[in-house]
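Reading the structure
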8 protein chains.
Amino acid sequence: MAAHEVTLDFHRTERIGFDEAIFSQGKSVEQLTHILETAKGRGASLLLTRLSAAQLEGLPARLRDALDYEPVSRTAYFGPLPRPEGPARVAIVAAGSSDAHVTREVARTLRYLGVGSTSFVDVGVAGLWRVLDRVEEIRQHPVVVVVAGMDAALPTVVGGLVGSVIIGVPSSNGYGVAEGGHSALNSMLASCAPGVAVMNIDNGYGAACAALRVLRAIDRK
Amino acid sequence: MAAHEVTLDFHRTERIGFDEAIFSQGKSVEQLTHILETAKGRGASLLLTRLSAAQLEGLPARLRDALDYEPVSRTAYFGPLPRPEGPARVAIVAAGSSDAHVTREVARTLRYLGVGSTSFVDVGVAGLWRVLDRVEEIRQHPVVVVVAGMDAALPTVVGGLVGSVIIGVPSSNGYGVAEGGHSALNSMLASCAPGVAVMNIDNGYGAACAALRVLRAIDRK
Amino acid sequence: MAAHEVTLDFHRTERIGFDEAIFSQGKSVEQLTHILETAKGRGASLLLTRLSAAQLEGLPARLRDALDYEPVSRTAYFGPLPRPEGPARVAIVAAGSSDAHVTREVARTLRYLGVGSTSFVDVGVAGLWRVLDRVEEIRQHPVVVVVAGMDAALPTVVGGLVGSVIIGVPSSNGYGVAEGGHSALNSMLASCAPGVAVMNIDNGYGAACAALRVLRAIDRK
Amino acid sequence: MAAHEVTLDFHRTERIGFDEAIFSQGKSVEQLTHILETAKGRGASLLLTRLSAAQLEGLPARLRDALDYEPVSRTAYFGPLPRPEGPARVAIVAAGSSDAHVTREVARTLRYLGVGSTSFVDVGVAGLWRVLDRVEEIRQHPVVVVVAGMDAALPTVVGGLVGSVIIGVPSSNGYGVAEGGHSALNSMLASCAPGVAVMNIDNGYGAACAALRVLRAIDRK
Amino acid sequence: MAAHEVTLDFHRTERIGFDEAIFSQGKSVEQLTHILETAKGRGASLLLTRLSAAQLEGLPARLRDALDYEPVSRTAYFGPLPRPEGPARVAIVAAGSSDAHVTREVARTLRYLGVGSTSFVDVGVAGLWRVLDRVEEIRQHPVVVVVAGMDAALPTVVGGLVGSVIIGVPSSNGYGVAEGGHSALNSMLASCAPGVAVMNIDNGYGAACAALRVLRAIDRK
Amino acid sequence: MAAHEVTLDFHRTERIGFDEAIFSQGKSVEQLTHILETAKGRGASLLLTRLSAAQLEGLPARLRDALDYEPVSRTAYFGPLPRPEGPARVAIVAAGSSDAHVTREVARTLRYLGVGSTSFVDVGVAGLWRVLDRVEEIRQHPVVVVVAGMDAALPTVVGGLVGSVIIGVPSSNGYGVAEGGHSALNSMLASCAPGVAVMNIDNGYGAACAALRVLRAIDRK
Amino acid sequence: MAAHEVTLDFHRTERIGFDEAIFSQGKSVEQLTHILETAKGRGASLLLTRLSAAQLEGLPARLRDALDYEPVSRTAYFGPLPRPEGPARVAIVAAGSSDAHVTREVARTLRYLGVGSTSFVDVGVAGLWRVLDRVEEIRQHPVVVVVAGMDAALPTVVGGLVGSVIIGVPSSNGYGVAEGGHSALNSMLASCAPGVAVMNIDNGYGAACAALRVLRAIDRK
Amino acid sequence: MAAHEVTLDFHRTERIGFDEAIFSQGKSVEQLTHILETAKGRGASLLLTRLSAAQLEGLPARLRDALDYEPVSRTAYFGPLPRPEGPARVAIVAAGSSDAHVTREVARTLRYLGVGSTSFVDVGVAGLWRVLDRVEEIRQHPVVVVVAGMDAALPTVVGGLVGSVIIGVPSSNGYGVAEGGHSALNSMLASCAPGVAVMNIDNGYGAACAALRVLRAIDRK
């Protein structure tokens, strides 16, 4: 049975321009080990997302030591990264430092894909001037990823001030009606600022991929 | 059975400082007629909320003609109103003209209670400078009622800029995830601006009563 | 009160590159009339969305006749449209003809914004070769808007085959668990294809604006 | 009280063609011990589902050692299994290795019932050719169990390509809107492929029983 | 645009053994007319589901008169039906006459597919002997479709007594917590009888297709 | 098919002490006519619940005229009622006249079953003395049915003051979070007063049946 | 502050016939200690519900040793119990041994109140004859408490066969759509058997109190 | 990246009259350490909310020892507090000692803001006289914060008896339908007492800020 359970997709890059990341949640240590060994055998690099500390601990030392792991985002790099492109083309804007598990997943996925980013975090709407002060800088980036939990008012404010592509990522951080990020998700979907596109809750990886699709479209021009 | 079904509460004013409004939704024309006749017999004034056009049409002409009805808010006054107090002490701030069914219920309930209000409507967050331009005016009012649907980012922006009492009222106007006002409600409850107090969806009447409680507390000083 | 209730935002274009559409749902005929008269006085064009047949009927004949109304999408143009740009740059892909209320809102909003589009509709996943046959054509467009209701498997299939920017719009058409479009929305948010960005249910207008943001980013290059 | 709390149903086979499994979740170690002792006394075989590692540890060593336990599916066999029938008649198709907790429950329950199965796992729709490559093989099985989490597009794709009986099992693996498997469940119920029948989230045991009902109907012919 | 919006799938029979039905909900009269004219031109028969009386009225008389319409199930046949096969092989079991909108959709879809059925309706569990009296008859059918609303206890009772393939269809008829059929759906998914497979709420069409998949598997033997 | 669709249960009285009511919602006029003709032929009395005005109008005049219909509760009696028993043994307590659709269904079902009741309506908790004034009277009844919508605080207050059997019925009347009666239902289920038993939203018929079960238990003593 | 935080209600018995239990969930060890010391000082007995093993461990040994604790139901008796009344008057019927956390809370609360009960557990509907075999015995009890999780078909079956007072208690045991007991709760509320009254999920304590209200009404006769 | 992630807002007091609290949930120990060091460097005081015991333990001893931590409310003071104002102006009313995690957050936040409060806890509605006995005392406070879980009947009772400003805070303590506090939240929003304003579940901090807004409005008079 094992042979079928893990089949890496090494041809995705040809089709859509970037390769597959390993979604580690729900995978056993055996499956992860098999994946890493396979990539190693082919000399391929990998991005692992949602890799828990417990999963990391369970890996054989030779594989664990080969990983560049960041615990807040729970991401790991395996193998060499591409040389980064020129100036940062993605702005990562966040309402608070409590959303770092998402903002770092965005930044690290972009880095894995060779894309630079600038972080603007702790610029929540309740202190409006904090984001107003940075609008000109944010506007320089063709893509703006906005991460926010709770009431998620930030994408509406940014989307009303900046004409760049806006990608909203709801954060699960919150309590009461905000627990799990559903109120933030719904706020973003219902945003009064036109053209805010939204990802699943905590899906920083997906936001980076969506940003890459935009950058590839620009580059293809 | 009929005698028990409608018992007006004419002593509420003594206890909490204002009398009972008639919540008309779900009441039959016979019940409404009985209520109005009873009030007439006692020379009492009444505020009717959520009175549909169909209910209004069903009333006997002599009662219908005695009502001051406003169709967007579906409110009606019966009997004379108190002389209004001095300058407006409540600001009514709304994201869009689509929320007029709520903003007018707030304004008309306040007027019934003898309280003046100023309306600041169509100052949605997607066009941020619209609300920024009015902040100084809004700040002059000890109580600010903020009505918003969809993503309801407005109470967070106002609550972060103004130190007055902030009462949020979610509006049911919207579609998709915003349909029925639940996303707006959750946004307001999860607001990052500290101390935003929230009413039920479309509850303009309740917001006016909450505002009155604050004004009475100020006056009692 | 009326003067405050409708304030058009004629400066949005300067900020984010396109002007404000009029969300008609929940607006009274009086408010819509005021909006159209104001635009007329300034010689401005307008896009009205979610304009019901009943609202249209209620407008004064001189305004109604000046509108270019499409009943399935419930959109109307007021005033002249821009000359369309060159070849179509947005593909509109849909699972079935039952989703025309959304696909046409996308196409007509894009046309209002001067952007051409190509429609690929009735290419649902249950008949997989229908979409496979069109993949090469779809791939020619830098932006692909995918509209789907029910299980919304289409964005995942397209997103796995095409490297363009993918914008998913859930359709409310369905019954049982699919009623209102929430199952389609959640499917799109949870898509296994990386980088699918999602709009609110039935939000064809928003998808067109998101597409425009991408096209402007390409053009700014 | 204890005597009434656990009453095994040894006559079910006569009625519906297969005997009762022990749903272990929520049962105390005392109850499980009593069940196993009773089965032992009658020389009966048993399938235990949702048996946690902690419950297993709590059992007396003589019983624990008699169990054939598989930790990912949390299933255990007690007593001898039937000799397997001829060629595999059930295909188990899954979107990813993260769903192994379900696919293995299906395979092991079928094995307990004497039915062979073939596993096709990690054939998710985002890499469409992976499933297309296997369609002919899958089609050889009269029953196809499709396990999928997240957007659960797989049953729609398979159901549109294969005329066999299709039984969908949503997997709880996921995050954000996909957490707990509800989005996958709704996608399967709303599948555009006609005649996809659905089980409760993670109910691999039930899928195997449904498959057996079909195989018995075929065999009765 | 119109040419793309309706593309009938006349090759589905080759793939999965039965052709496409027309899901009429959300389609315009123009689209339905186009579909019927196309089928007419090819001499094809069609099944239309969820065709409202208003849609029927809107069709040109020549097409409307050619339809065999049943208003409770809102289904219509266009063109000749296949000669029915031998004895009924599907039992349709329902808790009450209030569920006739579903039971008739099952029966009429099966008839369209050439399959005979026997109806056992108004055998709800609250009067348990009603279903017990019919168990032997029900058991003669290889496939049993059980339709139930409210608490949906019927599939559990039938599934515990009969070894045939059991397909549950929740009915939307009900009020309070049962409104829309979600409580019935969840009851069926959580059924304590092993191997009950479930369709979307009110999806009689899908249940008939699932039944056909089973009968084809039997016939292929 | 018709013969099976409506099977009246004339033996229920022997089993559980009262006969079957006809739940009219979702039944066609043909089905209702058949039910009434059957009852007439047997000389049986019937209670019809949730009979809409439209259904009533559709019945043949000879049957319609034989019905004793009450429009607020949408109940109808067919045939003679039993002679009422002695003093009222059920108290019906309600928060407001807006809940009359439920309170009257309770009272009329009890009357159909031969049980007298006393109504205490418009005794909502917001005017606490209204219910306090009636506590001694309410306490005289062995069963108290409490109907309430919105926040449903009344059952908790009554249940803390009265030792009788308390049966709560949530009313669907309300708006915003209270729409449909779910907040009232949850309040009653979570009541801090011990031993409040709850019925489905708007289920006045069921509350009357539950009351009858208690009275029969008392009478059997 | 502490003095106000715990105020025992020693007068409840006079009002409603039974005294207050201590709901331990969410209380600190300090609060529980204070409650027990107070009761000890007054020579009062107490029932503690939802007392976790961790809370028990935290209590001073002199108090812990004075408690009669049952870990499955998480209930504890403090002080002497009343002499039990005569024959058992409450039947406790349950679908499976997995619901023992509820059935034991019912039985132990009744014992605390001096009421005897008979347990009929593991009589689930999927093996219908198990409950049919016991119907005559169950019927001897004036009150029947039915505990069920998952699809909760049992109360409908019992309620259709037995004329006693039926009190349903949903159990939280389950997975997928049944997780947390909400599907069981809704099934019970929507039961087709007339007059089934329902308690909150897992509220065995409340069911016992409701039973006591009925028994007191019988005894008062 | 770190420099941007934590930006304290030391100018909020000028705008809205009170400074920012630190919402600790989701922050890493590194972030909290940075925040405390920054405040220390400026000689500023801080209020930390939702600071878990684990976070506290992780802080460097020199910072941990400088915190005045209260474990039930999970709040901590850093730096000196203002001298308290005169008599208590806020009443904190709660249904039970199980809600102490909220009532203490209210009291401690008020104390941080220099405002005195009086606590009235364990005055739940099921024992109605407990709250009736304290009404006169409660009424002396211009602001009344009512904390309640489960059915949350208390704000309605208090709001109907007291004319002060009423701020409701739902408590998450409960089980079944009350789990997480959503039923309490909805009860408060749907309160029949006019003018009850509501905060997010467990948001004692927000209630204190709302109370402060009222007191500042009184003081500004």
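Residues numbered from 1 in each chain as written. Chains lettered and ligands numbered in written order. Predicted model: local features only at pLDDT ≥ 70, side-chain atom pairs only at ≥ 80, totals over all residues. Heavy atoms only, no water.

A look at the confidence of the model for chain A
The predicted coordinates of low-pLDDT regions are not to be read in fine detail. This prediction gives chain A a mean pLDDT of 91; 92% of its residues lie at or above 70. For this predicted complex, the interface confidence reaches an ipTM of 0.93, while the overall pTM sits at 0.94. (pLDDT = per-residue confidence, 0-100.)

Quick word on the arrangement of the chains
In this structure chain B stays clear of chain D, and the shortest span between their C-alpha atoms is 13 Å. With no contact formed, the shortest span from any C-alpha in chain B to any C-alpha in chain G equals 21 Å. (Contact = heavy atoms within 4.5 Å.)

A word on the relation of the copies chain C and chain A
Here chain C sits on chain A after a turn of 180 degrees about the axis and a move of 0.0 Å along it, with an RMSD of 0.0 Å. The two molecules are tied by a two-fold rotation axis, judged by turn and shift. Same-surface contact between copies: 100% of interface residues of chain C are shared with the interface of chain A. (Least-squares fit on C-alpha atoms with pLDDT ≥ 70 in both.)

Regarding the packing of helix α6 (residues 100-112) of chain G against helix α11 (residues 204-220) of chain G
Residue and element names in this part refer to chain G. Taken N-terminus to C-terminus, the directions of α6 and α11 make an angle of 40 degrees; their axes are 7 Å apart at the nearest point. Regarding the angle of α6 to α11, the classification is oblique. Crossing geometry of α6 relative to α11 is assigned as right-handed. The residues of α11 that touch α6, namely those facing V102, E105, V106, T109 and L110, are G204, Y205, A207, A208 and A211. When its residues are assigned to classes, the contact of α6 with α11 shows seven nonpolar, two polar and one charged. (Axes fitted to C-alpha atoms, helices over the stretch in contact; angles between N-to-C directions. Helix = DSSP H or I, 4+ residues; strand = E, 2+ residues; numbered from the N terminus. Parallel < 35°, antiparallel > 145°, perpendicular 65-115°, else oblique. Left-handed = near helix turned anticlockwise from the far one by under 90°. Nonpolar A, V, L, I, M, F, W, Y, C, P; charged D, E, K, R; others polar.)

Description of the interface of chain C and chain A
Listed by partner, the interface residues are 34 residues for chain C and 34 residues for chain A. Carbon and sulfur atoms supply 58% of the area buried between chain C and chain A, which totals about 2,800 Å² over both sides. Of all residues in chain C, L189(C), P194(C) and R213(C) bury the most surface against chain A, accounting for 24% of the area lost on that side. Applying the counting criterion to the chain C and chain A interface returns zero salt bridges. Linking chain C with chain A are nine residue pairs in polar contact (both at pLDDT 80 or more). Mapped by element, the contributors of at least two residues to the side of chain C that touches chain A are α2 (12-16), α9 (154-161), β8 (165-170), α10 (182-189), β9 (196-198) and α11 (204-220) of chain C. The element best represented in the side of chain C that touches chain A is α11(C), accounting for ten residues. A breakdown of the residues in the side of chain C that touches chain A according to their chemical character gives 21 nonpolar, seven polar and six charged. (Buried area = accessible area lost by both parts, 1.4 Å probe. Salt bridge = Lys/Arg side-chain N within 4 Å of Asp/Glu carboxyl O. Polar contact = N/O pair within 3.5 Å; in protein donor to acceptor, adjacent residues only side chain to side chain.)

Some details on the sheet that holds strand β2 (residues 46-49) of chain C
Where strands meet in a sheet, backbone hydrogen bonds hold them as pairs that are either parallel or antiparallel. Residue and element names in this part refer to chain C. If you trace the four strands from one edge of the open sheet to the other, you get β1-β2-β4-β3, paired in mixed fashion. Only two strands of the sheet have a single neighbouring strand rather than two, namely β1 (22-23) and β3 (67-70). Two strands pair when backbone bridges link them, and β1 and β2 are joined in this way by two bridges, in the parallel orientation. When the sheet's bridge partners are listed, I22 is paired in β2 with L48. Against the sheet, helix α3 (residues 29-42) makes contact with β1, β2, β3 and β4 (75-78), and its axis sits at roughly 165 degrees relative to β2, the strand it touches most. With respect to the sheet, helix α6 (residues 100-112) is in contact with β2, β3 and β4, its orientation differing from that of β4 by roughly 15 degrees. (Pairing = 2+ DSSP bridges.)

Focus: the sheet that holds strand β1 (residues 22-23) of chain D
All names here are of chain D. Judged by pairing direction, the sheet is mixed, and its four strands sit side by side in the order β1-β2-β4-β3 without closing on themselves. Both edges of this open sheet fall to β1 and β3 (67-70), since each of them pairs with a single strand only. Examined bridge by bridge, β3 and strand β4 (residues 75-78) share four bridges and lie antiparallel to one another. Its bridge partner being in β4, D68 is matched across the sheet by Y77. Strands β1, β2 (46-49), β3 and β4 of the sheet are contacted by helix α3 (residues 29-42), whose axis makes an angle of about 165 degrees with β2.

Concerning the pattern of salt bridges
Following the criterion strictly, the structure yields 56 salt bridges over all chains and no others. Salt-bridge contacts for E70(E) lead to R104(E); the nearest nitrogen and oxygen are separated by 3.1 Å. In this pair, E70(E) sits in strand β3 (residues 67-70) while R104(E) sits in helix α6 (residues 100-112), placing the two residues 34 residues apart along the sequence. One connected set of salt bridges, linked through shared partners, spans R89(A), R216(A) and D219(A).

Points about the environment of P142(F)
Looking at the element boundaries, P142(F) is found in the loop between α8 (135-139) and β7 (143-148). Put simply, P142(F) and S183(F) are 41 residues apart on the chain and 27 Å apart in space, counted from C-alpha to C-alpha. What P142(F) contacts, discounting residues up to four positions off in sequence, is R89(F), S164(F), V165(F), L215(F), I218(F) and A217(G).

Observations regarding the pairing of strand β7 (residues 143-148) of chain D
Residue and element names in this part refer to chain D. Among the six residues that make up β7, six are buried, leaving the element largely enclosed by the rest of the structure. Judged by which residues are buried, β7 turns out to be covered on both faces: V143, V145 and V147 on one side and V144, V146 and A148 on the other are all buried. By the bridge criterion, six bridges tie β7 to strand β8 (residues 165-170) in an arrangement that is parallel. Counterpart to V145 in the pairing with β8 is I167. Taken together, β7, helix α9 (residues 154-161) and β8 form a β-α-β motif whose crossover is right-handed. (Buried < 20%, exposed > 50% of the residue type's maximum accessible area, 1.4 Å probe, protein only. Right-handed = clockwise from strand over helix to strand, strands pointing away.)

Some details on unusual backbone geometry
Positive phi values are uncommon outside glycine, yet D202(C) reaches one of about 65 degrees. Judged by its relative accessible area of 11%, D202(C) falls in the buried class.

Comments concerning the domain arrangement of chain A
Residues and elements named next belong to chain A. When cut into domains, chain A gives domain 1 (2-78) and domain 2 (90-219). Counting residues at the interface gives 18 residues for domain 1 and 16 residues for domain 2. For the pair domain 1 and domain 2, the summed buried area comes to about 1,500 Å², and 57% of that belongs to carbon and sulfur atoms. The tally of links between domain 1 and domain 2 comes to two salt bridges. In this structure, the connection of domain 1 to domain 2 is made through eight residue pairs in polar contact (both at pLDDT 80 or more). Those elements giving two or more residues to the side of domain 1 that touches domain 2 turn out to be β2 (46-49), β3 (67-70) and β4 (75-78). Of the residues belonging to the side of domain 1 that touches domain 2, the class tally is nine nonpolar, five polar and four charged. (Domains from an automatic or database assignment.)

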